[in-house]
Amino acid sequence: MANVAASGGTPGDQMGLLRRLSYNTNWLGFWYMLPAAAFLVLFLAYPLGLGVWLSMTDAKIGREGVFVGFENFTWLWDDSVFWLSVFNTLVYTTVASLFKFGIGLYLAILLNNNMPFKAFLRAIVLLPFIVPTVLSAVAFWWIYDPSFSIISWTLRELGWIETNVNFLGEPWNARWSVIVANIWRGIPFVAITLLAGLQTVSPSLYEAATIDGANRWQIFRHVTYPMLTPIIAVVMTFSVLFTFTDFQLIWAITRGGPVNATHLMATLSYQRAILGGYLGEGAAISTAMIPFLLGAIMISWFGLQRRKWQQGESDE
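Residues numbered from 1 in each chain as written. Predicted model: local features only at pLDDT ≥ 70, side-chain atom pairs only at ≥ 80, totals over all residues. Heavy atoms only, no water.

### A closer look at the nonpolar core
Put simply, the rule reads: We define the nonpolar core as a collection of buried residues of types Ala, Val, Leu, Ile, Met, Phe, Trp, Tyr and Cys that are connected through side-chain atoms lying within 4.5 Å of one another. Residue burial is assigned from relative accessible area. The probe radius is 1.4 Å, only protein chains are included, and a residue is buried under 20% of its type maximum, exposed over 50%, and partly exposed in between. To qualify as a helix, a DSSP run of H or I must reach at least 4 residues; to qualify as a strand, a run of E must reach at least 2; elements of each kind are numbered from the N terminus. The contact rule is simple, with two residues in contact once any of their heavy atoms fall within 4.5 Å.
Y92, I179, L249 and I253 are the most contacted members of the largest nonpolar core, which has 18 residues in total. Elements supplying a minimum of two residues to this core: α5 (80–111), α7 (133–143), α9 (171–198) and α12 (248–253). With five residues, the top contributor of residues to this core is α9. Each residue touching I179, except ones within four places of it in the same chain, is listed here: V91, Y92, V95 and A96. F189, L198, L228 and M236 belong to the second-largest nonpolar core, a separate cluster that totals 15 residues.

Rendered as structure tokens:
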């Protein structure tokens, strides 16, 4: 009897406890979430932890390295190329995200109206997003070609320029060129997501606003925008995260050139870690991205907790 008490009850009692936990509503949710949690730990948490650990070592390709603390970060603090990549990343993310939001919102409102071939137009809008990134990069690489650029040819025919524009050979031209390419690829994601949000807005709200004499801008300001705000917060958070960590588009078009003018933190990390062989340094650059990404997530999270984000009302 003492052994039974020490073990927590009879085998029948333990089976009953397991059976109750299996059918308990709260625990049932836990069991359903367990496979997804295991997946996230295996493919997200472990690589993230490994990257942070590598950033504190002097590991190189073919050598494990030893713990060096914050030495890699101290070295990066004085690295002008690293700070240039931070500047490029912030400019790239800010400008591209703003344009993707503005154009995507306009397209969402446009496609939400009744018009001929609406389904076909929605499919066309999705094309830039479903085309593989590398193919998009190759297309833009030809569009920006210094000798055969269709843009330069058109401008010459119009008499606006005399020589071809060096899109990818000048630092600021290259920055704007890759930003345009990213905008083109990211607009469908924003537009289709916001369009899905618009479809959830009750038509009776628009009818009531029209009866009250509201014009189009007033309807958008006081009906559409407040109802879309939670969706805007989520979609723009993802847009900022995708843009901030962009790698494929930049690497396929410019590889960070000219003279590091288009290097983002992601591409510089790859160059230092994989091509250069300095895994610790590359991991440190990747780890330095974490505060920026957490900041974007927290801004969205705190915003969604506020009443005015959820209901379109001002805090009082």
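Let us keep going from here.
### What to know about the pattern of salt bridges
Quick note on the threshold: The rule for a salt bridge is simple: a side-chain nitrogen of Lys or Arg has to be within 4 Å of a carboxyl oxygen of Asp or Glu.
Taken as a whole, this structure holds three salt bridges when the rule is applied. In this structure, D79 engages R272 in a salt bridge whose closest nitrogen and oxygen atoms are separated by 3.0 Å. In this pair, D79 is assigned in the loop between α4 (71–77) and α5 and R272 in helix α13 (residues 265–275), connecting sequence segments 193 residues apart. Classification of R272 by relative accessible area gives buried; the value is 14%. The salt bridge involving R272 is made with E281; its shortest N-O contact spans 2.4 Å. E281 matches R272 in its accessibility class, with the two residues each being buried.

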